[in-house]
Amino acid sequence: LPDTIDKTPLVMIDEESQIDGLIDDLLQQKEIAVDLEHHSFRSFMGITCLLQISTREKDYLIDTLSLRHILFKLNEVFTKPSILKIFHSAECDIEWLQRDLGVYVVNMFDTYQAAKVLTYTKLGLSYLLKKFCNIVSDKTFQLFDWRIRPLPESAKNYARSDTHYLIYIYEMMNNELISRAGGHNNLLNVVYQRSTETCKRIYHKPLLTDDSYMTLYRKSKRLFDSRQLYALKEIYKWRDSVAREEDESPGYILSNHMMMQICQTLPREMQGILACCNPIPPLVRQHLITLHNIVLKAKDQPLIMPLVEESAKPSSQFSASRDFDIEAKVSTYIHDNSGLEFRDDYPTLLGQLNEIEDHEELVEKYALEKVGCSSLEISGPKLPLMVNSVDEFIDLDRNGSSEENNASVEVISNIMEKVRFITPYQRYKQVLPYSRKLEEQEREKQRMEEERNQQRLLQTQYSIPPTSKITKNQDAQDSNEESQEKENILKRPVEVKAEPLSADCRQSSRYLLKIDNSTLTEKRRPQSTRTSFKKGSQTLYSVVLFRGSLR
């Protein structure tokens, strides 16, 4: 582990006369750690404010604001192949060195790429500092304004910590890459190859195109209609124009989430636009009328619903590479055994005894001794597939003989229960009689239920309960003469004749039932549900026929 920051000398480079001595010291090194501090919030293109370089003995802080015009001399060090330059997440650093200092990098090791190859849970420099050096980085300086001069001591210590331990982290990750590969350099070569691709990056000045806003739209994963997309396109164009004129970052003019909120809601009033911004950016308040006109013009556009395919495209180069990594991991899933060699010599219940493993032979021997029989002298399978009973298995031998095997019927029955196979059609044939029997029982049950319902309906319609019930339900107040007369009436036979009413009635299946009896009497009782009949009367009942039965 290297010495702490307090015990390591710090050299501040802020004068031109110090550059030659710095280059001479760096040319004598085999590895150097490099990092940059960049400011982009109050500048459209951003500016490199500080360059940190650490060797095994010293830490250098180079003021790139005052020495920007002369730092191109560092190409003598940064392009020398024999010197390894160690960066962490160097994609932006490479472009900033090209843009502001005119410096290019050859022979680089990116610890970020090494962390990806080693599949660490986190890839940030703070995680590597905690993992290898037990150092907790101060995150309060991540948004620090590095244009401030002179720099406070706390800011200097933070800048030094980014490179002071980086050489030690490189050595630890280099060893782990080799050990993970079993002593080979294949993983290490992958890291160097990715780092070389990073060094080949070329800085391009940001340009505004007709579809520049679509990158932000895809990242937001929202669905906008034609009006909202028109507003997003115009506001994005306005923000870029103002940022270039004022030399401010687009995020300072109007942040992305505020712009997306305005485009999604499309407020009709100016106060609604301000309500979408918290806090309100100064330039938004200054150009509020322009933004309001863009929103009103967007609301006049024809409404077309969004296309889902637009949001399904990869959002950026990072997401595309991330999807590629995920696809590669899925294709090499740990439980995927498609590339393994197929083997069919594993022991099974149908296998040969002389091919069973030792422990299975012991289990079989113990089972046979328990039932009182010796081991089976069978060279083929224990049980054929095409047998229907134990007797058939005992009678049939491989050669067609009728010799019985020495194994007990109980053991064979247990084996048959385990290995017997019945096709779905055979199961259907065996279950078919039982299902038919259940259907017949169900039909008989329904038929009996219908008959009971018909009898109950007739008794309710004619109000002629059985004799026994009449006797039980008679009122105690009835005189003996009335009860005797009613019993005599019920004992007499009743003649029922069915006569068709008319042709129309025949079509509707209605008939008259005529009851000829002059001795029926009708006596209504308010508390009784039974209906009696008058003497000397003749009553007609209309009965509807359903499915050939009276209801």
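Relevant structure appears above.
These numbers were taken from a predicted model, which means no experiment stands behind them.

The rules behind these values
- Residues numbered from 1 in each chain as written.
- Predicted model: local features only at pLDDT ≥ 70, side-chain atom pairs only at ≥ 80, totals over all residues.
- Heavy atoms only, no water.
- Helix = DSSP H or I, 4+ residues; strand = E, 2+ residues; numbered from the N terminus.
- Contact = heavy atoms within 4.5 Å.
- Areas by Shrake-Rupley, 256 points an atom, 1.4 Å probe, with all protein chains shown as cover.
- Pairing = 2+ DSSP bridges.
- Axes fitted to C-alpha atoms, helices over the stretch in contact; angles between N-to-C directions.
- Buried < 20%, exposed > 50% of the residue type's maximum accessible area, 1.4 Å probe, protein only.
- Parallel < 35°, antiparallel > 145°, perpendicular 65-115°, else oblique.
- Left-handed = near helix turned anticlockwise from the far one by under 90°.
- Phe/Tyr/Trp six-rings, centres within 6.5 Å; stacked < 30°, edge-to-face > 60°.
- Lys NZ or Arg CZ within 6 Å of the ring centre and 35° of its normal.

Moving on: the overall build of the protein. In terms of helices and strands, the protein carries 24 helices and 10 strands. For the protein, the share of sequence-separated contacts (at least 6 apart) that also reach a separation of at least 24 residues comes to 64%. As presented, the protein carries roughly 35600 Å² of accessible surface, and 51% of it is formed by carbon and sulfur atoms.

Attention now goes to the sheet that holds strand E3 (residues 47-54). Judged by pairing direction, the sheet is mixed, and its six strands sit side by side in the order E1-E4-E3-E2-E5-E6 without closing on themselves. Lying at the two open borders of the sheet, with one neighbouring strand each, are strand E1 (10-13) and strand E6 (108-110). Across the sheet, the mean angle separating the axes of adjacent strands is 25° when strand polarity is ignored. One ladder, built from seven bridges, connects strand E2 (residues 31-39) with E3; its direction is antiparallel. Across the sheet, Ala33 pairs through a bridge with Ser54, a residue of E3. Helix H1 (residues 19-27) rests against E1, E2, E3 and strand E4 (59-63) of the sheet, and its axis sits at about 145° to E4.

Once that is clear, we can look at the pairing of E2. When you tally the buried positions in E2, you get nine out of nine residues, the bulk of the element. What you see with E2 is no split at all: Glu31, Ala33, Asp35, Glu37 and His39 on one side and Ile32, Val34, Leu36 and His38 on the other are buried throughout. Where E2 meets strand E5 (residues 84-87), three bridges bridge the pair, whose relative direction is parallel. Looking at the pairing, Ile32 lines up with Lys85 of E5.

It is worth spelling out helix H3 (residues 91-101) at this point. When you tally the buried positions in H3, you get eight out of 11 residues, the bulk of the element. Buried residues of H3: Asp93, Ile94, Glu95, Leu97, Gln98, Arg99, Asp100 and Leu101, and no others. As for H3, its buried residues are in contact with E2, E3, E5, E6 and helix H8 (186-199).

Attention now moves to the packing of helix H9 (residues 213-220) against helix H10 (residues 226-246). Interaxial distance between H9 and H10 falls to 9 Å at its minimum, and their mutual angle equals 125°. Comparing the axis directions of H9 and H10 gives the class oblique. In this structure, the crossing between H9 and H10 has a hand that is right-handed. Of the residues in H10, those touching H9 at Tyr213, Leu216 and Tyr217 are Leu229, Leu232, Lys233 and Tyr236.

So, about the packing of aromatic side chains. Enumeration over the complete set of coordinates arrives at 10 aromatic pairs. Considering the side-chain rings of Phe41 and Tyr252, the 5.5 Å spacing of their centres and the 90° angle between planes classify their relative orientation as edge-to-face. Separated by 211 residues along the polypeptide, Phe41 in the loop between E2 and E3 and Tyr252 in helix H11 (residues 250-253) bring together distant segments of the chain. Residue classification places Phe41 among the partly exposed positions, given a relative accessible area of 48%. One aromatic cluster in this structure is built from Phe141, Phe144, Trp146 and Tyr158. Over the ring of Phe132 we find Lys131, and its NZ or CZ is 5.7 Å from the ring centre.

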